[in-house]
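Geometric and topological summary
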Amino acid sequence: MTVFSVGQATIARVEETYGPTYRATDIFPELNDKILAEHGHWLAPSHYDAKSGLIKLSVHSWLLQIGGQKILIDSCCGNAKVKPGRPFWNMLDLPYLDRLAAAGAHPHEIDLVMCTHLHHDHVGWNTQLKDGRWVPTFPKARYVFSKPDFDYFLKQDTDPKVGPAELGTFRECVLPVVEAGRAELVTGPHRLNEHLEILPAPGHSPGHFVFNLESRGQRATFIGDVFHHLLQVYYPDWNFPKNSDAVQARVSRRKVLDQCSSSGALTFPGHVGAPFAGYIDRAEAGYRPRF
Ligand SMILES: [Zn+2]
């Protein structure tokens, strides 16, 4: 179990999956042998599988505990979701809720679920299948969703030419929470409480958020998919595929890297491999991860 402390907060990683996924050069066409050789000393084994040429990615949640509250940040893919053509997402059957319990929270103890954005791999455990219906997994929780993302995916979902949005994820993992009256739709910037503020970082999705935590003068930033891989800290213009606005995604990445390096915040990405969280330092020609 990976657990970090920031001021009075503890932040535990709850793993859904971690392993080799996509061919590195498919994801980052800019990647070449020279760059691979230059970064080889840190890429393998946590971030790259040299034998297969696949990048390693993690899908995990962060369980944040502060001031007696249990807060789940991003909720992975979830079990029993039919996603044909998506082998990493399709019909998972994983002991995620057991791992969440081992990290310190049973579903009924979660006070707040916060999704950085409404893509499939960040909202999955919001709901569970019970008697043929998708119902909220965390029955007492308030769920914080991005309103710009909600509006964007609702429009897709209700358009018969493009829906269902996110291969059905929107109506399985987002709408049931709203219909149960448990959702709070937020437009950033927004201060949630004395410890947490929500800031917009659009581009990967239209309403993508980052969450800033402050406790006793120490800071953390939960960045979701502002970058997926540490190579993007060295090369901030490298986009991971699937952005609502590729130009805006690059602008947000540089802005967040700048904020993380100047604030000294412990940075918690959504998919970066072990050790899963770390710091961003400013370097002569840009930024360097210190993970
Ligand atoms: Zn993601």
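Quick look at the structure, then. Just so you know, these numbers come straight off a predicted model, no measurement behind them.

Before going further, it helps to examine the sheet that holds strand S12 (residues 196-200). Read across the sheet, five strands follow the order S11-S12-S13-S14-S15 without closing on themselves; strand pairing throughout is mixed. Of all strands in the sheet, those bounded by a partner on one side alone are strand S11 (190-191) and strand S15 (266-269). In this sheet, S15 lies alongside strand S14 (residues 218-224) in parallel orientation, the contact comprising four bridges. By the bridge assignment, Ala-220 is partnered in S15 with Leu-266. Taken strand by strand, helix H8 (residues 246-263) contacts S12, strand S13 (209-215), S14 and S15, and its axis lies near 160° from that of S14.

Each pair of donors in an ideal octahedron of six around a metal sits at 90 or 180 degrees, and each pair in an ideal tetrahedron of four sits at 109.5 degrees. Bound to the zinc ion are the protein donor atoms Asp-121 (OD), His-122 (NE2), Asp-225 (OD) and His-271 (NE2), situated 2.1 to 2.2 Å from the metal. For the zinc ion, the four donor atoms in the first shell make angles of 83 to 163° at the metal, so the coordination geometry reads as irregular. Expressed as a motif, the donor residue spacing for the zinc ion is D-H-x102-D-x45-H. Note that Asp-225 is positioned in the loop between S14 and helix H7 (231-234) and His-271 in the loop between S15 and strand S16 (279-283), a separation of 46 residues in sequence. No difference in accessibility class separates Asp-225 from His-271, as the two residues are buried.

Looking now at the pattern of salt bridges. Using the criterion set out here, one finds ten salt bridges in the structure. Notably, a salt bridge pairs Lys-83 with Glu-172, separated by 3.2 Å at the nearest N-O pair. You can see Lys-83 sitting in the loop between strand S5 (69-73) and helix H3 (96-103) and its partner Glu-172 sitting in helix H6 (residues 169-179), a full 89 residues away along the chain. For Arg-219, the salt bridge goes to Glu-214, with nearest N and O atoms at 3.8 Å.

Leu-63, Leu-100, Ile-110, Val-113, Leu-118 and Phe-138 are the most contacted members of the largest nonpolar core, which totals 32 residues. Elements with a contribution of two residues or more to this core: strand S2 (9-23), strand S4 (54-66), H3, strand S9 (142-146), helix H5 (147-158) and H6. Every residue in contact with Ile-110, bar those within four places of it in the chain, is listed here: Leu-63, Lys-70, Leu-72, Ala-105, Phe-138, Lys-140 and Ala-141. Ala-201, Ile-223, Leu-231 and Val-233 belong to the second largest nonpolar core, which has 28 residues in total.

The rules behind each value
- Residues numbered from 1 in each chain as written.
- Predicted model: local features only at pLDDT ≥ 70, side-chain atom pairs only at ≥ 80, totals over all residues.
- Heavy atoms only, no water.
- Pairing = 2+ DSSP bridges.
- Helix = DSSP H or I, 4+ residues; strand = E, 2+ residues; numbered from the N terminus.
- Contact = heavy atoms within 4.5 Å.
- Axes fitted to C-alpha atoms, helices over the stretch in contact; angles between N-to-C directions.
- Donors = N, O, S within 2.8 Å, 3.2 Å for Na, K, Ca; no water.
- Tetrahedral: all angles 85-135°; square planar, octahedral: opposite > 155°, others 65-115°.
- Buried < 20%, exposed > 50% of the residue type's maximum accessible area, 1.4 Å probe, protein only.
- Salt bridge = Lys/Arg side-chain N within 4 Å of Asp/Glu carboxyl O.
- Core = buried A, V, L, I, M, F, W, Y, C linked by side-chain atoms within 4.5 Å.

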